[in-house]
Amino acid sequence: MKRKFSKILSLFLAVVMLMAVAAPLMSVSAADGYITIYVPGYGGGLYKNNVESEENRIWPPVVDIGDLLMDAAEPLLTKLANGMIIGDWEAYGQELYDRVTPIFAELQLDKNGEASDGSGRAEDMYTNYIDTYSDNYPDGCVTFYYDWRLSTEYNAKILEDYIDRVRREKNVEKVNLLGRCLGGNIVSAYLQNGKNTDKVNDVVMYIPSTLGIGFIGAIFSGQIEVDAKSVDYFANYFLENKNLIEDPTLKSLVSSLVSFLNEIKVLGLGTDVLQTIIDGVRDTAMPALVRDTFGSFPAMWAMVPDEYFDEAVEFCFSTDELKKEYAGLIEKITSYHDNVQVKAADTLKAFDEDENHRVMMFAKYNIPLFPLSRDSMRQGDGFAETERVAFGSTCADFGMTLTNSYIDNMTEEDKKYLSPDYKIDASSCLLRDTTWFIKDCYHDYFPDVIDGLINVFYNTPDMTVFTYDEYPQFLQFYDQTDREASGKIKPVEEGIDEDTNLSKKENRFKVFIRFFTSLFAFFAKLLKGDISLCKD
């Protein structure tokens, strides 16, 4: 009897110990009701008549780029020559407009910013995805699909209906919201003015574009600026990291050549010519090009930063006739700007300060931005500026660190938020204790390891950037394979990165050595006959 009791007691203790170990992993299980609703960014498939099929697809557009370029080359080059020689930019601008806008014709919204032709997301994407779960979220994760062209505030209302449906069908009281890029704008609109907070537990903002993106503001306001240095940085990053050239020797030669041409001012001549072309069509063709491509999408206007907004509206709708013609669209984009964007910081702050809610923020850095705006030398993730994404971080320009005088003037408390590589001061962030920065992770990437960190946040009450040594405020992304969701993170190492804060003389010397070393390596490999110029 004693032996039997002993076995029962042992089994009981084993179960208790197992539950003790498993409890932290289950702390946000379905029993707690915190299913995550993932609100993705822009760019999902769109279809005519809301029916998903290849023949109905309007985004991504079905275009043969090779044929398009061949057909357009001669007339565009002829009119471009006239513009460069005699200043006749109107003909070139019209030709450019005639060649580009048909590609996006079926994608366009009407002048009220609405899909009156019945195009959009396939209907089954709204109805069938309620049961789509991700293995990365033990408690469950469903995706809210939406038409990324439409008004962000309209999509926020659709999100509200979707949240109610998830709560009803899954029998849960609250959900977590995870907004990515444009999805962050929708989450901000959903929460504006303190609405709907009783339905939401935690909010995660993953590289949100709520406060806008510089190059989109530059395009929409006609303030495109191209300079050689930003082109050099941008081209080198994509050549090195996007596997555009298979052979590593050829890749090194091409990327070092770009920097070499920049140093000897040849690249600058090229960007000067490009800037001349942009300036030539700025007033003649660009406003119509913007309006009749992405400018009819209220959601794209939601990514125009506040400092560009008024000029962008005036640039695209410069006459009283245009303002009247596009009154419905202007009303939608102004509503988002006035009611969501400029109030977003207050909205998120108030939500986070409520004891029933938390907000986790993610920004990225150390990747050069698109070389199209005055923001292109700022710190960023290849697409968006770190300062805007993080709601107020103080950042050094790309390739630089914060100055010694700046760091010396920081308080000891604020220095706790200084990145180990001295590029970012997070003490000025809206939510500095729950804002994480991922270094060397491109804007479009959402690696699985980030999902893991988000789950740790869900599972840890009162978690901050100081709670876990393995998850400090500044994390390095590395070991990525060809799969976008792959890769690892680790704490950013202390110290100034190589190629940072170089003087002009140091940079020139390094560029010259790198170029000629790559050139000799290329010719050596070429003479051996084993150079590969492209993928098989």
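For clarity, every value in this text was computed on a predicted model and none was experimentally measured.

Enquirer: Can you walk me through the pattern of salt bridges in this structure?
Expert: Between side chains of opposite charge, pairing is possible as soon as their charged atoms come close. Applying the stated criterion across every chain, the model contains 29 salt bridges. Put simply, R388 and E385 hold a salt bridge, and the shortest N to O gap is 2.7 Å. As far as burial versus exposure is concerned, R388 and E385 are alike and both buried. What emerges from the salt-bridge pattern is a single network uniting E307, D375, R378, E385, E387 and R388.

Enquirer: Explain the packing of aromatic side chains here, please?
Expert: To describe a pair of aromatic rings, one takes the distance between the centres and the angle between the planes. Counted under the stated rule, the structure contains 37 aromatic pairs. Seen in terms of ring centroids, Y468 and Y471 are 6.5 Å apart; in terms of plane orientation they differ by 90°. Their pairing is edge-to-face. Given a relative accessible area of 27%, Y468 falls into the partly exposed group. Measuring from centroid to centroid gives 5.6 Å for F522 and F523, while their planes differ by 65°, and the two rings are edge-to-face. Note on F522: relative accessible area 12%, which makes it buried. Its relative accessible area of 43% is what places F523 among the partly exposed residues. Put simply, the rings of Y42, F215, F234, Y237, F238, F370, F383, Y442 and Y445 touch in pairs and so form one group of aromatic residues. The residue whose ring lies beneath K416 is F466, and the NZ or CZ to ring-centre distance is 5.3 Å. Cation over ring: K490 sits above Y478, and NZ or CZ is 4.7 Å from the ring centre.

Enquirer: Please clarify how the environment of T293 should be interpreted in this entry.
Expert: Turning to its location among the elements, T293 is positioned in the loop between α11 (286-291) and α12 (298-301). We classify T293 as buried; its relative accessible area is 9%. Sequence separation between T293 and P102 is 191 residues, and the spatial gap between their C-alpha atoms is 9.0 Å. Setting aside residues up to four positions removed in sequence, T293 forms contacts with V100, T101, F104 and Q108. From its side chain, T293 meets the backbone oxygen of L289 in a polar contact 2.5 Å long.

Enquirer: So what exactly am I meant to see when it comes to the side chain of Q473 here?
Expert: Mapped onto the elements of the fold, Q473 is located in the loop between α20 (448-459) and β11 (474-478). Within polar-contact distance, the side chain of Q473 engages the backbone oxygen of T435 at 2.8 Å.

Enquirer: Honestly, the sheet that holds strand β6 (residues 200-206) in this entry has me stumped. Any pointers?
Expert: An order of β4-β1-β5-β6-β7-β10-β11-β12 is seen for the eight strands of this open sheet, with the pairing classed as mixed. Because the sheet does not close on itself, it has two edges, and the strands there are β4 (141-143) and β12 (488-491). Taken over all neighbouring pairs, the strand axes of this sheet differ in orientation by 25° on average, direction set aside. Two elements, β6 and strand β7 (residues 358-365), share five bridges in a ladder whose sense is parallel.

Enquirer: Got a minute to help me understand unusual backbone geometry in this structure?
Expert: Excluding glycine, residues mostly have negative phi values, and the peptide bonds linking residues are mostly trans. Cis geometry marks the peptide bond from W59 to P60, where omega comes out at -5°. Note that P60 resides in the loop between β3 (57-59) and α2 (65-86). Phi is positive for N171, close to 55°, though the residue is something other than glycine. Structurally, the position occupied by N171 is in the loop between α5 (152-169) and β5 (175-180). In this structure N171 comes out as exposed when scored by relative accessible area, which is 70%.

Enquirer: Just checking my understanding: could you explain a negative patch on the surface for this structure?
Expert: Together, D306, D310, E311 and D338 make up a region of like negative charge exposed at the surface. The biggest single contributor to the negative patch is helix α13 (residues 306-316), with three residues. Here D310 lies in helix α13.

Enquirer: I'm lost on the packing of helix α9 (residues 248-263) against helix α21 (residues 504-528) in this one. Help?
Expert: How two helices sit against one another is set out by the angle between their axes and by the gap between those axes. Axis separation between α9 and α21 bottoms out at 8 Å; the angle between their running directions is 145°. Our pair here, α9 against α21, has a crossing hand that is left-handed. Residues T249, L250, S252, L253, S255, S256, L257, S259, F260 and E263 of α9 touch α21, and the partners they reach there are N507, R508, V511, F512, R514, F515, F516, S518, L519, A521, F522 and K525. Among the residues forming the contact of α9 with α21, the class breakdown is eleven nonpolar, seven polar and four charged.

What counts and what doesn't
Residues numbered from 1 in each chain as written. Predicted model: local features only at pLDDT ≥ 70, side-chain atom pairs only at ≥ 80, totals over all residues. Heavy atoms only, no water. Salt bridge = Lys/Arg side-chain N within 4 Å of Asp/Glu carboxyl O. Buried < 20%, exposed > 50% of the residue type's maximum accessible area, 1.4 Å probe, protein only. Phe/Tyr/Trp six-rings, centres within 6.5 Å; stacked < 30°, edge-to-face > 60°. Lys NZ or Arg CZ within 6 Å of the ring centre and 35° of its normal. Helix = DSSP H or I, 4+ residues; strand = E, 2+ residues; numbered from the N terminus. Contact = heavy atoms within 4.5 Å. Polar contact = N/O pair within 3.5 Å; in protein donor to acceptor, adjacent residues only side chain to side chain. Pairing = 2+ DSSP bridges. Axes fitted to C-alpha atoms, helices over the stretch in contact; angles between N-to-C directions. Patch = residues over 30% accessible without salt bridge, like charges linked within 9 Å, V, L, I, M, F, W, Y side chains within 5 Å. Areas by Shrake-Rupley, 256 points an atom, 1.4 Å probe, with all protein chains shown as cover. Lys, Arg positive; Asp, Glu negative; His and termini not counted. Charge placed at Lys NZ, Arg CZ, Asp CG, Glu CD. Left-handed = near helix turned anticlockwise from the far one by under 90°. Nonpolar A, V, L, I, M, F, W, Y, C, P; charged D, E, K, R; others polar.

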